[in-house]
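# Structural description and commentary
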Amino acid sequence: MHATRTMLLASLALLLLSGTISAQSTLPACLPGGEAYVTAQWYCDNINQYVAQIWTTWQPIVFIAIFLAFSIAGVIFMTGAALKNERIRNFAIGEIYEAAATTIIAVAFLFIAAVLFGILPAFATGPINPYPFALSYISSTISTTQTAMNNIFQVAMIDQFYGSISTAVTVGGELNIGGQVVQTIFFSIFALFLIPARAIVYLLSDGLLILNLQFYLILFFMYTAIPVFLIPGIVLRSIFPVRNLGGIMIAIAIAFYLIMPVLFSVSYYFTNTGLIQTLNTYAQQIGANGQGTEAQTNAASPAAPLVTAVQGLQNAMGSFWLSILFYPALIAAISYESIKIIAEFIGGATRTSGKLRSI
């Protein structure tokens, strides 16, 4: 009974693999009228074709690896049957089930990707491609942050320059009236504008570094998740000694190719408009009110335009750091936990030897 079920499972898995690899590019959900085509046409027009193209290159290697896994498991099973060793037979049956699971992962990946990466995100963000959306938002935030830093830096340099000029108008050789007036104005500018502006520039520069890190991290996994992690992971998962490593690589591909960009697109969908508008507004105010001598006259009193603009940027720093630090850190934590869960689910050796005895 064991032998019949085992061989039927192996034959079915191999037939499923050989019969569906050639049809990977024609995923039914991506055909006109299919669920993925209706809700996320961008996925069918771009991502699905990209995945299918890479899969076509790798499919002979994957097929050979899975076929060898079934062959080795079959040899072990026959050896156990010949020796009448129940432990060897149960181990071989577990290996056949693992090879079948690898086959299912290989066959169903495009469908899983269409559901997770195309259909499910559409319910949260609409028919929006998470990758261009997230990258576009980060790029816009980087550009706006650079503009704000540049405007603050230019105005601050003008104020620092005029503040460094020493003037002296003496009366009777003792009283420095002009120097005192200039120093009093500069101290006011220094306290009300330069110190807060310098602190904001430091915060924005740190945020700019984090934004660039996020941008290139998403870009990196967009191009490497499938050819570097997913497909080699499927191959390694079919080999018993490195099965856990293969499961981890598959989990990394799923987490960083499917989960992370979707979470970024959802979080940025709700935060991008207000933050970018706020940064743009105050950056334009600083640039418009900091030309020439206005850099001093508009920064010398608590109600001056440059001072109020810097205060507005200070108030926006909470939303800025929430958007570029808290949400990405939360997304990274979720992605990491997803890797652990997925790797444990699909990467570990099946512990079914005790259960299989009752079959």
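As the structure is a computational prediction, the values presented were derived from the model and not from experiment. (Residues numbered from 1 in each chain as written. Predicted model: local features only at pLDDT ≥ 70, side-chain atom pairs only at ≥ 80, totals over all residues. Heavy atoms only, no water.)

So, on to a nonpolar patch on the surface. Together, Ile-64, Phe-67, Leu-68 and Ile-72 make up a nonpolar patch on the protein surface, roughly 380 Å² of accessible area in all. As for its position among the elements, Phe-67 is in helix 3 (residues 41-83). For Phe-67, a relative accessible area of 40% gives the class partly exposed. (Patch = residues over 30% accessible without salt bridge, like charges linked within 9 Å, V, L, I, M, F, W, Y side chains within 5 Å. Areas by Shrake-Rupley, 256 points an atom, 1.4 Å probe, with all protein chains shown as cover. Salt bridge = Lys/Arg side-chain N within 4 Å of Asp/Glu carboxyl O. Helix = DSSP H or I, 4+ residues; strand = E, 2+ residues; numbered from the N terminus. Buried < 20%, exposed > 50% of the residue type's maximum accessible area, 1.4 Å probe, protein only.)

Enumeration according to the criterion identifies six aromatic pairs in this entry. Ring centres of Phe-320 and Trp-321 lie 5.9 Å apart, and the angle between their planes is 85 degrees; this geometry places the pair in the edge-to-face category. (Phe/Tyr/Trp six-rings, centres within 6.5 Å; stacked < 30°, edge-to-face > 60°.)

Attention now goes to helix 3. Of all the bends in helix 3, the greatest reaches close to 55 degrees and is centred on Trp-58; the proline Pro-60 follows between one and four positions later. Once helix 3 finishes, Lys-84 follows within two positions and takes phi at roughly 55 degrees, a positive value. (Bend = angle between axes of the 7 residues up to and from the residue.)

Moving on: the pattern of salt bridges. Under the defined criterion, the tally for this structure stands at four salt bridges. Residue Glu-95 is joined to Arg-243 by a salt bridge in which the shortest nitrogen-to-oxygen separation is 2.7 Å. Residue Glu-95 is located in helix 4 (residues 86-125), and its partner Arg-243 is located in helix 7 (residues 243-288); the two are separated by 148 residues in the primary sequence. Take Glu-95 and Arg-243: they sit in the same class, and that class is buried.

Notably, Lys-84 is not glycine yet its phi reads approximately 55 degrees, a positive angle. For Lys-84, the position within the fold is in the loop between helix 3 and helix 4.

When you line up the elements, Val-307 lands in helix 9 (residues 305-347). Using a relative accessible area of 1% as the deciding quantity, one classes Val-307 as buried. Along the chain, Val-307 and Ala-197 lie 110 residues apart, while their C-alpha atoms are 9.0 Å from each other. Not counting the four nearest positions on each side in its chain, Val-307 is found in contact with Leu-192, Asn-298, Ala-299, Ser-301 and Pro-302. (Contact = heavy atoms within 4.5 Å.)

This paragraph deals with the environment of Ile-341. Tracing the backbone through its elements, the reader meets Ile-341 in helix 9. Linking Ile-341 and Ala-251, residues 90 residues apart in sequence, is a C-alpha distance of 8.2 Å.

The predicted model of the chain has a mean per-residue pLDDT of 76, with 77% of residues at 70 or higher. Mean pLDDT values for the elements of the chain range from 38 in helix 10 (residues 353-356) up to 86 in helix 9. The low-confidence segment residues 349-359, where pLDDT is below 50, has 16 contacts with residues more than four positions distant or belonging to other chains. (pLDDT = per-residue confidence, 0-100.)

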